[in-house]
Amino acid sequence: MPELPSVKTGTARPDRGDTAVRSGSREPMARLTGLALTPALTLFRKEVLRFAKVWLQTIAAPLVTTLLYLLVFGHALGGRVTVYPGVDYTTFIVPGLMMMSVLQNAFANSSSSLIQSKVTGNIVFLLLSPLSPTEIFLAMTAASIVRGAAVGLAILALALLYLQIPILHPGWVVIFTVLGAGGMGALGIIAGLWAEKFDQIAGFQNFLIMPLTFLAGVFYSVQSLPGLWRSFSMVNPFFYIIDGFRYGFFADADVSVWASLAVALAFFLLAAGWAWWLLHRGYKLRP
């Protein structure tokens, strides 16, 4: 019987062995967290590039709108209204306008991304990817925070060109920016999953998001409102987000900054939990 040729065995190359060891050391952590960092970062990068490529619409347009608000309201009421001691009216409305734009643009980022993917049909590529619902939620919410913060910083930079705006507690500014934009990014995911056409997203934004942000103390102090409207403002979560954000600039607010933090955190957790649950169920994504 002819002898079978021997199979020469060799040792694995060091680089492959090292890679295997390194990847093996990451497996327990990957199983523990259930997250794959690279796919989530890829989706996050895609979402950021999506709004960055059309910056005239996503960054410049809100900047121009805010400038018009500053010119009109600043010229009409600048020397006639004083809300906080030592703070003129034009300076007072800048943080409100910043946060209003942050909230609206964070919502628009995630909602428009989902509805565009659903209408054009390329949502299937997201569903076939190895991304978990948690990773999709984190990537889209983080991109919404980035867009909202970018718009807010652009407005602040523009306002600082001709106004002296104090930032007495920058930590509070950052906290309310992240909670507000994160909550609105999650709310945008909810709206994007629910909607089946662009008209529904526009109605959601025009009849819910915009009125709530405009009636949240952007242009006035709620202490100056009559009873009914003041009560309405007190149940509006956007009021607490804007009021707490404004506290970071002037160290003054209509309500306690801790109360504003509690409401903003509750809003973020509720919206985030709801959005994650809908993604986990595949609501209006699976047949």
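Structure: see above.
For clarity, every value in this text was computed on a predicted model and none was experimentally measured.

Calculation notes
- Residues numbered from 1 in each chain as written.
- Predicted model: local features only at pLDDT ≥ 70, side-chain atom pairs only at ≥ 80, totals over all residues.
- Heavy atoms only, no water.
- Helix = DSSP H or I, 4+ residues; strand = E, 2+ residues; numbered from the N terminus.
- Expected span 1.5 Å × (residues − 1).
- Buried < 20%, exposed > 50% of the residue type's maximum accessible area, 1.4 Å probe, protein only.
- Polar contact = N/O pair within 3.5 Å; in protein donor to acceptor, adjacent residues only side chain to side chain.
- Core = buried A, V, L, I, M, F, W, Y, C linked by side-chain atoms within 4.5 Å.
- Contact = heavy atoms within 4.5 Å.
- Phe/Tyr/Trp six-rings, centres within 6.5 Å; stacked < 30°, edge-to-face > 60°.
- Salt bridge = Lys/Arg side-chain N within 4 Å of Asp/Glu carboxyl O.
- Axes fitted to C-alpha atoms, helices over the stretch in contact; angles between N-to-C directions.
- Parallel < 35°, antiparallel > 145°, perpendicular 65-115°, else oblique.
- Left-handed = near helix turned anticlockwise from the far one by under 90°.
- Nonpolar A, V, L, I, M, F, W, Y, C, P; charged D, E, K, R; others polar.

(A) Broad picture of helix α10 (residues 237–250). Relative to the 20 Å expected for 14 residues at 1.5 Å per residue, α10 spans 20 Å between its end C-alpha atoms, a close match to the ideal helical length. Among the 14 residues of α10, twelve are classified as buried, and the element is accordingly described as predominantly covered. Taken together, the buried positions of α10 are occupied by Phe-238, Phe-239, Tyr-240, Ile-241, Ile-242, Asp-243, Gly-244, Phe-245, Arg-246, Gly-248, Phe-249 and Phe-250. Two to three positions downstream of the cap, the backbone nitrogen of Phe-238 sits 3.1 Å from a side-chain oxygen, assigning the N-cap of α10 to Asn-236.

(B) Fine view of the nonpolar core. By size, the foremost hydrophobic cluster in this structure holds 75 residues, and its most contacted members are Met-184, Ile-189, Phe-238 and Phe-249. Top contributing element to this core by residue count: helix α4 (residues 89–120), with 14 residues. Excluding its chain neighbours within four sequence positions, the residues that come into contact with Ile-189 are Ser-110, Leu-114, Phe-137, Met-140, Thr-141, Ala-275 and Leu-279.

(C) Quick peek at the packing of aromatic side chains. One pass over the full model with this rule turns up 14 aromatic pairs. Between Tyr-69 and Phe-214, the ring centres sit 6.0 Å apart and the planes meet at 70°, which makes this aromatic pair edge-to-face. Of the two residues, Tyr-69 is situated in helix α3 (residues 55–77) and Phe-214 in helix α8 (residues 198–214); the sequence distance between them amounts to 145 residues. For the pair Phe-73 and Phe-219, a centre-to-centre distance of 4.5 Å together with 20° between the ring planes defines the contact as stacked. Placement of Phe-73 in helix α3 and of Phe-219 in the loop between α8 and α9 (227–234) is noted, with a sequence separation of 146 residues between them. Note on Phe-73: relative accessible area 26%, which makes it partly exposed. A relative accessible area of 11% places Phe-219 in the buried class. The structure contains a cluster of three or more aromatic residues connected by ring pairs, namely Tyr-69, Phe-73, Phe-214 and Phe-219.

(D) The arrangement of the pattern of salt bridges in detail. On inspection of all chains with the given rule, the structure shows three salt bridges. Close ionic contact of Glu-47 with Lys-46 constitutes a salt bridge, the shortest N to O distance being 3.0 Å. Given the relative accessible area of 40%, Lys-46 is considered partly exposed. The partner of Lys-284 in a salt bridge is Glu-196, and the shortest N-O contact between them spans 3.3 Å. In this pair, Lys-284 sits in the segment after α11 (257–281) while Glu-196 sits in the loop between α7 (170–194) and α8, placing the two residues 88 residues apart along the sequence. Residue classification places Lys-284 among the partly exposed residues on the basis of a relative accessible area of 34%. One connected set of salt bridges, linked through shared partners, spans Lys-46, Glu-47 and Arg-50.

(E) Geometry of the environment of Ile-59. Following the sequence through the fold, Ile-59 ends up in helix α3. With relative accessibility at 18%, the residue Ile-59 sits in the buried group. Separated by 92 residues in sequence, Ile-59 and Val-151 place their C-alpha atoms 5.6 Å apart. Each residue touching Ile-59, except ones within four places of it in the same chain, is listed here: Phe-51, Ala-150, Val-151 and Ala-154.

(F) Seen up close, the packing of α7 against α10. Taken N-terminus to C-terminus, the directions of α7 and α10 make an angle of 155°; their axes are 7 Å apart at the nearest point. Here α7 is positioned roughly antiparallel relative to α10, judged by the angle of their axes. Between α7 and α10 lies a crossing whose hand is left-handed. Contacts between α7 and α10 involve Pro-170, Trp-172, Val-173, Phe-176, Thr-177, Gly-180 and Met-184 on the former and, on the latter, Phe-238, Tyr-240, Ile-241, Gly-244, Phe-245, Tyr-247, Gly-248 and Phe-249. When the residues that make up the contact of α7 with α10 are grouped by side-chain class, the tally is eleven nonpolar, four polar and no charged.

(G) Seen up close, the packing of α7 against α8. Running from N to C, α7 and α8 cross one another at 135°; their axes reach a closest spacing of 9 Å. Overall, the two elements α7 and α8 adopt an arrangement that is oblique. The chirality of how α7 crosses α8 is right-handed. Contacts between α7 and α8 involve Met-184, Leu-187, Ala-191, Gly-192 and Trp-194 from the former and Gln-200, Ile-201, Phe-204 and Ile-209 from the latter. Looking at side-chain class alone, the contact of α7 with α8 contains seven nonpolar, two polar and no charged residues.

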